[in-house]
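Residue-level structure breakdown
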Amino acid sequence: MTAPASPLDGCGRRDERNAEVAGPPWCHALVIAPPPLAATIAEDLARGLSGLLAVTCTPDAEAAVSRIAAAPDWIVPLILMVATEVPIDDQLRILDQEPALRTASLLLLTDRAWHEDVTLAVDQNRLQAVIHAPWTTGTLAWLARAQVTRWLGANRPQDPQTQQLVAPDGRPMAPPESDLLRLLELETMDVATQLLAGVERVLGPCARLRLPAGTRLIQEGVDVDAVLVVLKGRVALDRAAPSGDLRLHHDSTGAVVGLLSLARQQRAFFTARATTEVEVVHLSFEQLDRALAVDPSLGAAMAAVSIRALANRLQRADQLQIEKTRLNQALERERQELSRTLHQLEQARLELVEQARFAMLGELAAGIAHELNNPVAAMLRATTYVGEDLERVLASHPQGALARSVFEAERERAPRSTREERAIRRHLEQALGDPALAQRLFEAGIEEPERARALTADPARLELVEAAAGIGSALRNLEVASRRMCELVTSLRTYSRPKGQPVSGIDLHAGIEDSLRLIAHRLGRVELERHYGELPTIRCHPGELGELWTNLLANALDALDETGRIRLITDAPTPQAVRVRVQDNGRAIDPAILPRVFEPRFTTKQGAVRYGLGLGLAIARRIVEAHGGTIDLTSATGGTQVTVVLPVAGPPD
Amino acid sequence: MTTSSVRPRVALPSLTLVQRLGLLAGVVAFIIPLAIDIPGLEPAGERMLAIFLLAILLWVTEAIPLYATATLVILLQVLMLSDQALVGGIGPLPPAASYFAALANPVIILFLGGFLIADGAHKYGLDRNLAAVLLRPFAGNARRSVLGLMAITALLSMFVSNTATAATMFAVVIPILAALPTGPARTGVALAIPVAANVGGIGTPVGSPPNAIALGALEAQGQGVSFIGWMFLAVPLMLVVLLFAWWFLTRRYIKADTPLVLELSANFDRSPAAIIFYVIAGSTVLLWLTEPLHGISSSTVGFIPVVALLATQVMSADDLRRLQWPVLWLVAGGIALGAGIGNSGLDAWLIGLLSWDALPLALLLLLLVGVSVGLSTVISNSATANLLVPLALSLAIGLPIDPTAVGVMVALACSLAMALPISTPPNAVAYATGEVPTSAMALSGFVIGGFGALLLALAMPSLWGALGLL
Amino acid sequence: MRLALLILEDERAVREALRRDLAPFASHIRLEEAEDVETARDVITEIDADGDQLALVLADHRLPGTSGVDFLISLRTDERASMARTILVTGQADQEDTIRAINEAQLDRYVAKPWQPELLCQMVREQLTDYVVSRRLDPLPHLPALDAAAAMTLLQDRGDF
């Protein structure tokens, strides 16, 4: 075994010839070393590898690569590299150019005390062994053979040659030489059996204890002064926790229970409990001590048992750590998911509250509308009756014809601007020279100076005319007012009207045109642009949509002065939806109230119910939402646009 | 009202056609006597005539405010007839100070006292409370109530300006009027107040500016009349005319069964300041009425309350500021004008124009009273007095009658003019309430004023003579 | 010179109702109407040109294009109308607007719709009187439109002429 160290510069020419040692012609061990040394190494290697590999020498990594490249069918399980000036990592990179070399086991032969050029090799798990030069003859061969055997078992398990070397489980046929490593390769139970056999050799036969499942072999917090060798059955380790017992280890228990606590001379950290029926041997601290003292070889078995147990436990702990991390990550994900859901729930709740508010408003509005309907209808009728009856009364009055004409003229008088009215009054004032009288006559509807003069001369007639005109204008105002209330009542009822079944096959454009006809009287000089796109027919409540368009158009008209432009744009952004945009170029909506435009509020302007920013948009929103669509309003200087998107499929059921 | 609002614009009133003509005619009338040599009239007289003619036209047409004309008269006299005249050479002229002195004439001082007491009476609610207390005995019957109303109005008007009296009484009566049915009763009550206020104004020297103007002119002639002396001359007429007016108005407008209740609650101010005021005002009136006993002239007496009220701070600088200075200056202008006419010899020349001796005295007096009433019906009483008092006093020189009688007569006649809304401020107030048609005012003014004028012209001189007052 | 009252109201029926309720004033003061702010300014110009004075404005709160409050505020910088008394006639002025009207437009009175005609007339009378008193005008030509008893105070220091 103690062969003299071969000088590194011992061989050269054999390497020059690339001398090949016997072995299968395609299986090679590669020696990368300067020529004289390479020969020595090759010689030593060949001893260990005969029958397995041929040994090929190359002077450096480049040569090795080109050599392998020239022989594509070669298998290279082993490379032995001698440390030179060129850093190992660099050489490794060169070798890695050739795929056949990438899997090879690498042995490094060095005479240096320090290496700082092997980071890559270690990091990539390429360095299998570091051998110091000079080496003991045979060392190289032994190491190389072990490596090659392992390599073949891993990479070419099917080769017949490999099967001779390696056991079916992939481990080398030759067992380890040391007791400890040999024992470590055995099954836990076998080790325990061997340990027990050794103990029994010293102490004499030990009794087997048979214990049922659930028996506590050691107890948490109790001093441990014995070990239990488990020969059959399974044991779990539990630890008491505030939330109940925590099972930490089950299969990782090991064959000798209590060993760790015994080693640390302290109270048990776990409770060991049999989970099946177990067969154990009880060994007290003193018995174990005696056995180990008498037969030191038992130490290896003891150590193997302990290492086995520790390794199991450590592995289990590592698994737990990994599991914990994974669980933490999952937990974090779930936490975020929950927070998102919570937020969504809160949004949904707010929307529901809002919807409930509007629904309540709607109900309230409908209730008020219902209550108002009758009195308003009665009022409206009453104005007509008063007018009719007054005409009958006047028919019998001597001045009836005059009074009646004045009454009717005043009742039917179309609205005029105050500017026009003032001009007429001024004219009358100038003609009469008496502002107060002119005012009086004007209020009686007398606007022609001649007539005014004639009436001034006859105070009794003037009184009559004034009274008739007064009734006329009062009746007109009453009628206008009751009509407005009617409109308002109708709007209110619409706000929460129950609806029937949606109808399919509706052409939106036809509906929009109907609405345009309805408000044609209000369009006046407003310019109307239609940009109608191709639309599929949709399923909807056509009556409600008509109301929607009317409200949106009225809203646009309100924003405009006498002149202006309304643009109607329709298109189908997706096959499942249609879109209608109503644009006006009128006054922008005050940004302060923009967020509230869809809330139901009432506005009246210039004597007519205007939908404006009042009930109209609230109704529009209700209709659109009932159809499962969306409505949006944007407003800026230059105009306002309302966008309605409706699903072709119609209202959700 | 506010600090942030802009200052309202001051708009000058636009002149009416009459006012424009008045200005133009005034300037022409002013130039003629200066440009043409008038026979029998000294240069000073010519200058005074120019000023007099200008004053007549300006006062009659009111082309500029009455008080502005008055100050103009004083200024022109200083510039033309004083030692500071721009163009001299017409002999010795009085010092300018003698014209300015008109602004502080004793009569003005008397009035100052009267005004301050009147304002104080209003400030401390004495006028209203006195009215409330004095009305009580008359309650019960509509006509008696009206008599009471007129009596109290007249009494207040003797010491307070006619306008303020009418305003106070209307403020009290308007809510009561509103409760009456529309018709003659309202008219009657609304007429009773201005009539009584106008007539009451003749009762004392401080009752009305014409009185002061006459007093001032008489004093300039050395014929001063004491406070109580004036009352002896005027109050009998006042009472008779008042009674007649009551009789006329109630018979014509107010039925005995009219539901007129004139009951007011009196609520005398009992604060120390008010009590001091009562004492000072009472003392002053007492001193005025007792002049013959102590001999202190009414003007001097009139200045006592000025000093006393200001010293005790019962009346403040604000109250002083609010006094009716325009009226005082108008009176001062009249006094200055009268003095100028006398001093310049214009009076003698004017009287010389006509031979008044040809007319009987009674007719002459009737004419004088008639002209006074007529003129003051259409223009301001004070302006009428300003114009006519100097003329009348000049006239009296050649007549067999005491000039005092003539002066007093003109002053009283001016106060009897009340036929039109524009005749006197109380009439204007009554008319503005809308309760009095012009026709009713014209009728009552004509009847009552006519009755008073006849009485004044025909009966009073004899009465005064018989009573030995003159 | 006549006192003028301006009714600023966009709704015809309300305007006519106001006019009718204020008819007792028509023979004594100048009643003008405007349906929007622009017309109102024209009316003010006309009143001024005629030598009359805008004494009182009855403004609706909601007006086309602007608010009555804004108009009243703008009046304060108009020398022809800065002394005019102001009444806001409204059904729905919110607190903010009302505060602004009082602080910036020196609003004198606030009338809620529907109004009581007698109370409205009384308020108009008071405000006209206040206007006459604050400008120390001769109350006599306008006396039937004024609170006569209060207006009489103005005559106290007038004096006899």
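Procedures and definitions
- Residues numbered from 1 in each chain as written.
- Chains lettered and ligands numbered in written order.
- Predicted model: local features only at pLDDT ≥ 70, side-chain atom pairs only at ≥ 80, totals over all residues.
- Heavy atoms only, no water.
- Helix = DSSP H or I, 4+ residues; strand = E, 2+ residues; numbered from the N terminus.
- Contact = heavy atoms within 4.5 Å.
- Areas by Shrake-Rupley, 256 points an atom, 1.4 Å probe, with all protein chains shown as cover.
- Pairing = 2+ DSSP bridges.
- Axes fitted to C-alpha atoms, helices over the stretch in contact; angles between N-to-C directions.
- Phe/Tyr/Trp six-rings, centres within 6.5 Å; stacked < 30°, edge-to-face > 60°.
- Buried < 20%, exposed > 50% of the residue type's maximum accessible area, 1.4 Å probe, protein only.
- pLDDT = per-residue confidence, 0-100.
- UniProt positions renumbered as here; feature names shortened; annotations may be inferred.
- Salt bridge = Lys/Arg side-chain N within 4 Å of Asp/Glu carboxyl O.
- Polar contact = N/O pair within 3.5 Å; in protein donor to acceptor, adjacent residues only side chain to side chain.
- Buried area = accessible area lost by both parts, 1.4 Å probe.
- Parallel < 35°, antiparallel > 145°, perpendicular 65-115°, else oblique.
- Left-handed = near helix turned anticlockwise from the far one by under 90°.
- Nonpolar A, V, L, I, M, F, W, Y, C, P; charged D, E, K, R; others polar.
- Patch = residues over 30% accessible without salt bridge, like charges linked within 9 Å, V, L, I, M, F, W, Y side chains within 5 Å.

The next point concerns the overall build of chain C. In terms of helices and strands, chain C carries 7 helices and 7 strands. The order of helices and strands in chain C, counted from the N terminus, is β-α-β-α-β-β-β-α-β-α-β-α-α-α. Contacts in chain C between residues far apart in sequence, at least 24 positions, make up 64% of those at least 6 positions apart. As presented, chain C carries roughly 5,900 Å² of accessible surface, and 48% of it is formed by carbon and sulfur atoms.

What follows concerns the sheet that holds strand E13 (residues 278-284) of chain A. Residue and element names in this part refer to chain A. Reading across from one edge, E6-E13-E8-E11 is the order of the 4 strands in this open sheet, with antiparallel pairing throughout. Here the strands that pair on one side only, and so sit at the sheet edges, are strand E6 (208-211) and strand E11 (256-257). By the bridge criterion, 4 bridges tie E6 to E13 in an arrangement that is antiparallel. Within E13, the residue paired with Arg-210 across the bridge is Glu-279. Along the sheet face, helix H10 (residues 188-203) touches E6, strand E8 (226-232), E11 and E13 and points at about 125° away from the line of E8. Its contacts with the sheet put helix H12 (residues 285-294) on E8 and E13, and the angle it makes with E13 is roughly 75°.

Before going further, it helps to examine the packing of aromatic side chains. Residues and elements named next belong to chain B. Taken as a whole, this structure holds 7 aromatic pairs over all chains when the rule is applied. On the numbers, 5.6 Å between centres and 25° between planes, the contact of Tyr-124 with Phe-277 is stacked. Taken together, the positions of Tyr-124 in the loop between helix H5 (106-123) and helix H6 (126-135) and Phe-277 in helix H12 (residues 272-289) put the pair 153 residues apart, joining distant regions of the chain. For the pair formed by Tyr-124 and Phe-277, the shared burial category is buried. With a centroid separation of 5.9 Å and an interplanar angle of 35°, the aromatic rings of Phe-244 and Trp-247 are classed as tilted. Here Trp-247 and Phe-244 lie together in helix H11 (residues 227-253), a separation of 3 residues that amounts to about one turn. According to the relative accessible area criterion, Phe-244 is buried, its value standing at 18%. Judged by relative accessible area, Trp-247 falls into the partly exposed class, the value being 45%. Ring-pair connections join several aromatic residues into one group, and the members of that group are Tyr-124, Phe-277 and Tyr-278.

The next point concerns the confidence of the model for chain A. Confidence in the prediction of chain A, expressed as mean pLDDT, is 80, and 88% of residues score 70 or more. Ignoring residues within four places in sequence, the model shows residues 1-23 of chain A, a span with pLDDT below 50, making 59 contacts including any to other chains.

With that settled, consider the pairing of strand E2 (residues 54-58) of chain A. Residue and element names in this part refer to chain A. Of all 5 residues that make up E2, 5 are buried, and the element is covered over most of its length. Across the two faces of E2 the burial is the same, with Ala-54, Thr-56 and Thr-58 and Val-55 and Cys-57 all buried. Taken together, the 5 bridges between strand E1 (residues 27-32) and E2 define a ladder with parallel strand orientation. If you follow Ile-32 over to E2, its bridge partner there is Thr-58.

Let us look at the UniProt feature "modified residue: 4-aspartylphosphate" (unreviewed entry) in chain C. Here the UniProt-annotated "modified residue: 4-aspartylphosphate" (unreviewed entry) positions come out as Asp-60 of chain C. Topologically, Asp-60 of chain C is positioned in strand E3 (residues 53-60).

Evaluation of the coordinates by the stated rule reveals 60 salt bridges over all chains. Between Glu-46 of chain C and Arg-422 of chain A there is a salt bridge whose closest N-O contact spans 3.2 Å. Here the residue Glu-46 of chain C occupies a position in helix H2 (residues 37-49), and Arg-422 of chain A occupies one in helix H15 (residues 418-432), the pair thus bridging two chains. Exposure remark for Glu-46 of chain C: the relative accessible area of 21% places this residue in the partly exposed category. A network of salt bridges, in which partner residues are shared, links Arg-422, Arg-425, Arg-426 and Glu-429 of chain A together with Arg-30, Glu-32, Glu-46, Asp-50 and Asp-52 of chain C.

What follows is about the interface of chain B and chain C. Contacts between the two partners involve 36 residues from chain B and, on the opposite side, 24 residues from chain C. For the pair chain B and chain C, the interface holds 0 salt bridges. There are 2 residue pairs in polar contact (both at pLDDT 80 or more) connecting chain B and chain C. Per-element tally for the side of chain B that touches chain C: the top contributor is helix H8 (residues 162-179) of chain B, with 8 residues.

The omega torsion of the bond from Lys-113 of chain C to Pro-114 of chain C falls at -5°, within 30 degrees of zero and hence cis. Its place among the elements puts Pro-114 of chain C in the loop between strand E7 (109-112) and helix H5 (117-134). A positive phi angle, close to 55°, is found at Asn-125 of chain A, a residue other than glycine. Its location among the elements puts Asn-125 of chain A in the loop between helix H6 (119-123) and strand E5 (127-132). The exposed category is assigned to Asn-125 of chain A, whose relative accessible area is 57%. The phi torsion at Arg-136 of chain C lies on the positive side, around 50°, for a residue other than glycine. Looking at the secondary structure, you find Arg-136 of chain C in the loop between H5 and helix H6 (148-151).

It is worth spelling out the environment of Gly-334 of chain B at this point. Residue and element names in this part refer to chain B. Turning to its location among the elements, Gly-334 is positioned in helix H16 (residues 325-344). Looking at Gly-334, the relative accessible area reads 3%, which means it is buried. Once the C-alpha coordinates of Gly-334 and Ile-213 are considered, the two residues, 121 residues apart in sequence, prove to be 6.3 Å apart. If we skip the residues at most four places from it in the chain, Gly-334 touches Trp-59 and Asn-386.

Below, the discussion takes up the sheet that holds E7 of chain C. All names here are of chain C. Read across the sheet, 5 strands follow the order E2-E1-E3-E6-E7 without closing on themselves; strand pairing throughout is parallel. Of all the strands in the sheet, the pair left with one neighbour each is strand E2 (30-34) and E7. Across the sheet, the mean angle from the axis of one strand to that of its neighbour is 20°, orientation sign disregarded. In this structure, strand E1 (residues 3-8) lies alongside E3, joined through 6 bridges in parallel fashion. By the bridge assignment, Ala-4 is partnered in E3 with Leu-54. The strands touched by H2 within the sheet are E1, E2 and E3, with E2 carrying the most contacts at an inclination of about 155°.

Time to look at the interface of chain C and chain A. The partner chain A presents 26 residues to the 25 residues of chain C that form the contact. Where chain C abuts chain A, roughly 2,200 Å² becomes buried across the two surfaces, and 35% of that area is made up of carbon and sulfur atoms. Together, Glu-11, Arg-12 and Arg-19 of chain C form the three largest contributors to the area buried by chain C at its contact with chain A, with a combined 25%. At the surface where chain C touches chain A, the tally comes to 12 residue pairs in polar contact (both at pLDDT 80 or more). Among the elements of the structure, helix H1 (12-21), E2 and H2 of chain C are those that each provide at least two residues to the side of chain C that touches chain A. It is H1 of chain C that contributes the most residues to the side of chain C that touches chain A, 6 residues altogether.

Of all 8 residues that make up helix H3 (residues 68-75) of chain C, 6 are buried, and the element is covered over most of its length. Considered for burial, the residues of H3 of chain C that qualify are Gly-68, Val-69, Phe-71, Leu-72, Ile-73 and Leu-75 of chain C.

All names here are of chain B. If you trace the backbone, Ser-157 turns up in helix H7 (residues 142-159). The class for Ser-157 is buried, based on a relative accessible area of 0%. Filtering out sequence-adjacent residues up to four positions away, Ser-157 remains in contact with Asn-162, Thr-165, Ala-196, Ala-197, Gly-200, Gly-201 and Gly-207.

Turning to the packing of helix H19 (residues 508-518) of chain A against helix H21 (residues 542-559) of chain A, a few remarks are in order. All names here are of chain A. Running from N to C, H19 and H21 point in directions that differ by 55°, and their axes come no closer than 9 Å. By the angle between their axes, H19 is oblique relative to H21. The element H19 and its partner H21 pack so that their crossing is right-handed. Within the contact between the two elements, H19 uses Leu-508, Gly-511, Ile-512, Ser-515 and Leu-516 and H21 uses Leu-545, Gly-546, Trp-549, Thr-550 and Leu-553. Considering only residue class, the contact of H19 with H21 consists of 6 nonpolar, 4 polar and no charged.

It is worth spelling out a nonpolar patch on the surface at this point. Residues and elements named next belong to chain A. Taken together, the side chains of Leu-364, Ile-368, Leu-372, Met-379, Leu-478 and Met-485 define a hydrophobic patch exposed on the protein surface, amounting to about 470 Å² of accessible area. Elements supplying a minimum of two residues to the nonpolar patch: helix H13 (298-395) and helix H18 (459-495). In terms of residues, the nonpolar patch owes the most to one element, H13, which gives 4 residues.

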